[in-house]
Amino acid sequence: MSNPVYRPNRRALLRGTAAAGAAALIGTLPARRLMAQDAPAKPAEIIVRAWGGSWVDALKKGVSDPFTAATGIQVRHDLTEDNEIQPKVWAAVAQGRVPPIHINWDTTTNATKSALRGVTEDLSDLSNLANTTELAKPVGLDGYPIVNTYGYVYVLAYRPEAFPDGAPTSWKALLDPKFKGRIALYNDGIGFHFPAQVAGGGKLEDIPGNMQAAWDFIAQVKQQQPLLGEDPDFTAWFQNGEIDLACTISTNAREAKKNGVDLAWTVPEEGAKFDTDGLWIPKGLPENELYWAKEYINFAISKDAQQVWCDGLGLPGVVPGLTPPEDLVGDPSYPDTPEEMAHLIRISTKVQVENESEWFSKFKEIMQG
Amino acid sequence: MSGGSSAESTAGNPVAVVAQGVDMDFGTGAMAVKNAAFSLERGRFLTILGPSGSGKTTLLRMIAGFQTPTRGTILIGGRPADAVAPHRRSVGMVFQKLALFPHMTVEENVAFPLKMRRFNPREIPERVAHYLDLVRLAGFSKRRINALSGGQQQRVAIARALVFEPELLLLDEPLAALDRKLREEMQLEFRRIQKELGVTTINVTHDQREALVVSDEIIVMDQGEIQQQASPVGMYRRPANPFVAHFIGVSSFLTGRRTGTGLTVNGTECAGQAVDDIAPGLAAQGAIRAEQVRIAAPGGDLSGCDTVLEGQVSDSIFEGERLLYFVRLPALETTVQIYHHDPAEQAPYARGATVSVGWNARDLLIFPAKDR
Amino acid sequence: MPNPSPDFRYPLRWRLMDGVERLADTLWPRSMSRHTGWLFITPAILLVGLLVLGLIQIGDASLRVLDTATFLPSEDWSLTNYRKALASSTYLTVAWRSLSGAVLVTVLTLILAFPYAYALVRVRKAWIRKALLITLFLPFFIGQVVRAYGWLIILGNSGMVNEALSLVGVAPMRLLFNYGAVVFGLVQYMLPFAVLLLVPALTAIPEETETAAGSLGASWPRILWHVLLPMAKPGLIGAGLVVFTLTLTDFAVPAMLGGGSQDYIANAIYDQFFRTADQGLGSALALMLVAAGSVLVGLVFMVFGAGTLAMGGRK
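Bear in mind that the values here come from a model prediction, so they are computed numbers and not experimental data.

A. Up close: the sheet that holds strand β18 (residues 322–329) of chain B. Residues and elements named next belong to chain B. If you walk across this open sheet you meet the five strands as β16-β20-β17-β18-β19, and the pairing is antiparallel. Two strands lie at the open edges of the sheet, namely β16 (294–296) and β19 (334–341), each paired on one side alone. Going from strand to strand, the sheet's axes swing by 45° on average, the running direction of each strand aside. With three bridges connecting them, β16 and strand β20 (residues 354–359) associate as antiparallel partners. Its bridge partner lying in β20, Ile295 is registered against Val357.

Spelled out as structure tokens, the structure:
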């Protein structure tokens, strides 16, 4: 707190957790920008769309609270589903209205759709981009319509109780008759298509041209009567003992584990899908709000913010030299070595964006049958 | 209480309905029916008459089987009926609101009991036609119920209640809602049909005229108790108590004490005849029908009257075929009602006119004074 | 009548009402009174008008194909979305599930609602009727989502029902996330609607009519079949239509109790709008649902009449 520029208000002082982060913010933002006479007027608040539960908790602790402490700008988290905010933002931009949010925390694939549609602001001029890994840059797009902020893995989460002989080694464990009705996938199969291609005997190079192997494998999984849901469903299902095995983002499994559910996860031999999430700003904001929204994202990719935020999520960030959380050291869902990365499946965003709806509907066709 | 049997014995006619000591207690204070006992011979038309709340409908519903007596037994055709469900009793009923089935045609309504009672399907159309003919509705068979007039609906209800030839026909004030003209027409219609078929019938009404017109026998009920059972003529001429005298016909009541020859009212001797033995000097009540009191100009011809008194006309009501006078009798400190026929021959007595009033001893009926 | 004292004044409320009446007279003169009826239904007409505008927009969107390179709808119109929807076995499955589910739910709901409504109408004791009404309305005031969530807790593998079963030695079983759970949830949700629509129809049947049928020789089941059901037909049709259309278009219950694999049409439409961002296909599906529902309801109207929904317009 020795920084002379920083004048904490009473509210910020009350926020113990935010204090350390605030100091970090001051370190990363050039003081001149905070103090300069020409800095645009501060809005009372900025609205960040976020996922609920442990996701928003991590964002609040790592990014939003320190940002508020440093700038005095309140951050409101809008927990509208990412899929539901998208058409609202698109409509607002199409009609020339002010969009309903300042920042969208989004999957890179979804965000790319918005970028292709031209509703995103360019973020190339963020100063902290200089200090990020190549993961931060969206592939196949010009400039930075999105800034990727961390990567994540769609792991195979399991209840150790159901696997006395150790972790399952293959996605084929989903086909074990004893787990009939006790396995779960995402509603649209997201994260599962690619490992299914491998588990079904196909090649990753054939994506998207020939995915028959994936569909065959998914059809076999359908016979196992999987539950289909979203992130909150997975946590609830694990907690209520409804399922033994699930293809889910490691963060959900880790959250359930933190809540006392006996749970573990693994990256099976076929590999697991690695993808990224990012932040972007919709077009149509007033000048000053755009400025402070950019400052928010710029802060989110600072090392200090990344350390706290990504610790909360249990995911690898986009700044080099972050310390993994204690419980995830050496964990395959927190890839921090080239070998670990090589074991994961990465498919270009472009291919995903162009084919995703077809994959989703194919998956639905199998699952709804 | 005089539950006397019907006057004329129709020997050889077995008894159709018997009630023995029937009580109905809904647990709401007073009993709805108290110790009802009566018997009805086959083929007769009985009317249960009474004011609303007298228990007449409850008694009828117990006979129909919709309610089970708290105590006592009802026998239909000689068999105890208590354990027999309504739909297994051979009882046809015409309801107060008719309760026709609006979703069926006339024909379907009448065929309904035949189908429910498993009549031979081939017989049904003929039977339905026969009964529609009986109630004079031939040609209406395909009509919807809502397309019929009130009188026609009555006829459908009668046909429906009779078509399966029940042992017993029950009528639960079905005429109450009709206008007077139609009501009187239907009363005669009920009587005609009942006589034609000879079906034992129990009718419930609060309309004393209807009871007199249609019935072979009348039971008068009040406050859950049967007051009297008699033929219409017997009931009219010889009411068993002041309530019956009051309920049937128009009567004037005199309160006094019994004497050797009649009743002394306010010190004036009134000639009369006791219905029951009453010791002289006891409180008693006399009742005399309006048509049994004669009226004449003061000192006019009242020959044959055992009692003649003077009074003043306090009001007169013109009823068409007769006049109803209210005459104040100062000697008795009361007002009597008098029917006077043949008004065309004579100008009515004006209000306030002094008149002579007289009656025959045999027409003033003397009852022991009761709480009523 | 004594004359009111000279300083008598009408109460303030009366004078206020007089003022309001004078104001109304100026704003809407007597001579306009034959149009007053129109004035009152104008808001409703505007609302319906907006709905129609929305439908037109959806109709427009349904004719445009999504370009996944730009994520913009196409400039030109085509029937591609409709063709795609009709050719897809997913949507056929989902449509069939919605339709058959709606029929099943309607039938089950009516079977359960009828005795409930009958009891409400016929029961004599006021406190029993009140209890029945409260039992009916309590869940009515709890929203659909909350109720579905409640079922998740009660019917879950470690929920109350399975706990109770385990007491009698039955192993926990999967009660949720299947077709049965969805039907159960929908029936439970629709029951109050059906009861409320049946009550007026049953109130219109005089108790004496049942008594009469009994005295004419009909046993209880026959009274029900030959008298009560036919006479309650308008109510049954009205309730059936409401339950059917609500079920056909339901979203929350299949989404929450179906475990993701029991989608109804509304869920498929949601997916197109919000998951794959294909508003064109979503619009096409939505319009097809509207059309299918309208046709079915129209058929019922033609065959059975509109029941209580005819509002006495037709006999």
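B. Local environment of the interface of chain A and chain C. Facing 31 residues of chain A, the contacting portion of chain C comprises 30 residues. Looking only at chain A, the three residues that lose the most surface to chain C are Arg117, Glu242 and Gln368 of chain A, adding up to 23% of its buried area. Remark: the boundary between chain A and chain C carries four salt bridges. The salt bridge partner of Lys364 of chain A is Asp263 of chain C, with a shortest N-O separation of 2.8 Å. Along the contact surface separating chain A from chain C lie 15 residue pairs in polar contact (both at pLDDT 80 or more). Listed by contribution, the elements that provide at least two residues to the side of chain A that touches chain C are α5 (82–94), α6 (108–117), β6 (227–229) and α14 (349–368) of chain A. Counting residues per element, the side of chain A that touches chain C draws most heavily on α14 of chain A, at nine residues. Split by residue class, the side of chain A that touches chain C holds 10 nonpolar, 10 polar and 11 charged.

C. How the structure looks around the pattern of salt bridges. All names here are of chain B. The final tally for this structure, using the stated rule, is 39 salt bridges over all chains. We note a salt bridge from Glu217 to Arg44, for which the minimum N-O separation is 2.6 Å. With Glu217 in strand β9 (residues 217–222) and Arg44 in the loop between β2 (33–41) and β3 (45–49), this pair connects stretches of sequence that are 173 residues apart. Its salt-bridge partner being Glu123, residue Arg127 comes within 3.6 Å of it at the nearest N-O pair. Through salt bridges with shared partners, a single ionic network connects Arg136, Arg155, Glu185, Glu189, Arg192 and Glu196.

D. Geometry of the interface of chain C and chain B. Facing the 16 residues of chain C at the interface are 25 residues of chain B. Between chain C and chain B, the buried area comes to about 1600 Å², and carbon and sulfur atoms account for 67% of it. The largest per-residue losses of area from chain C upon contact with chain B belong to Glu208, Ser215 and Leu216 of chain C, which jointly make up 40% of the total buried on that side. One can count zero salt bridges joining chain C with chain B. At the boundary of chain C and chain B, one finds five residue pairs in polar contact (both at pLDDT 80 or more). Listing elements by their share of the side of chain C that touches chain B, those giving two or more residues are α9 (207–215) and α10 (220–231) of chain C. Residues that form the side of chain C that touches chain B fall into these classes: seven nonpolar, seven polar and two charged.

E. A look at the packing of helix α9 (residues 231–239) of chain A against helix α10 (residues 250–258) of chain A. All names here are of chain A. Axis separation between α9 and α10 bottoms out at 9 Å; the angle between their running directions is 35°. The two elements α9 and α10 cross, and the hand of that crossing is right-handed. Residues Asp231, Thr235, Phe238 and Gln239 of α9 lie in contact with α10, whose contacting residues are Asn252, Glu255 and Ala256. Among the residues making up the contact of α9 with α10, the classes are represented as two nonpolar, three polar and two charged.

Reading the values: rules and limits
Residues numbered from 1 in each chain as written. Chains lettered and ligands numbered in written order. Predicted model: local features only at pLDDT ≥ 70, side-chain atom pairs only at ≥ 80, totals over all residues. Heavy atoms only, no water. Pairing = 2+ DSSP bridges. Helix = DSSP H or I, 4+ residues; strand = E, 2+ residues; numbered from the N terminus. Axes fitted to C-alpha atoms, helices over the stretch in contact; angles between N-to-C directions. Contact = heavy atoms within 4.5 Å. Buried area = accessible area lost by both parts, 1.4 Å probe. Salt bridge = Lys/Arg side-chain N within 4 Å of Asp/Glu carboxyl O. Polar contact = N/O pair within 3.5 Å; in protein donor to acceptor, adjacent residues only side chain to side chain. Nonpolar A, V, L, I, M, F, W, Y, C, P; charged D, E, K, R; others polar. Left-handed = near helix turned anticlockwise from the far one by under 90°.

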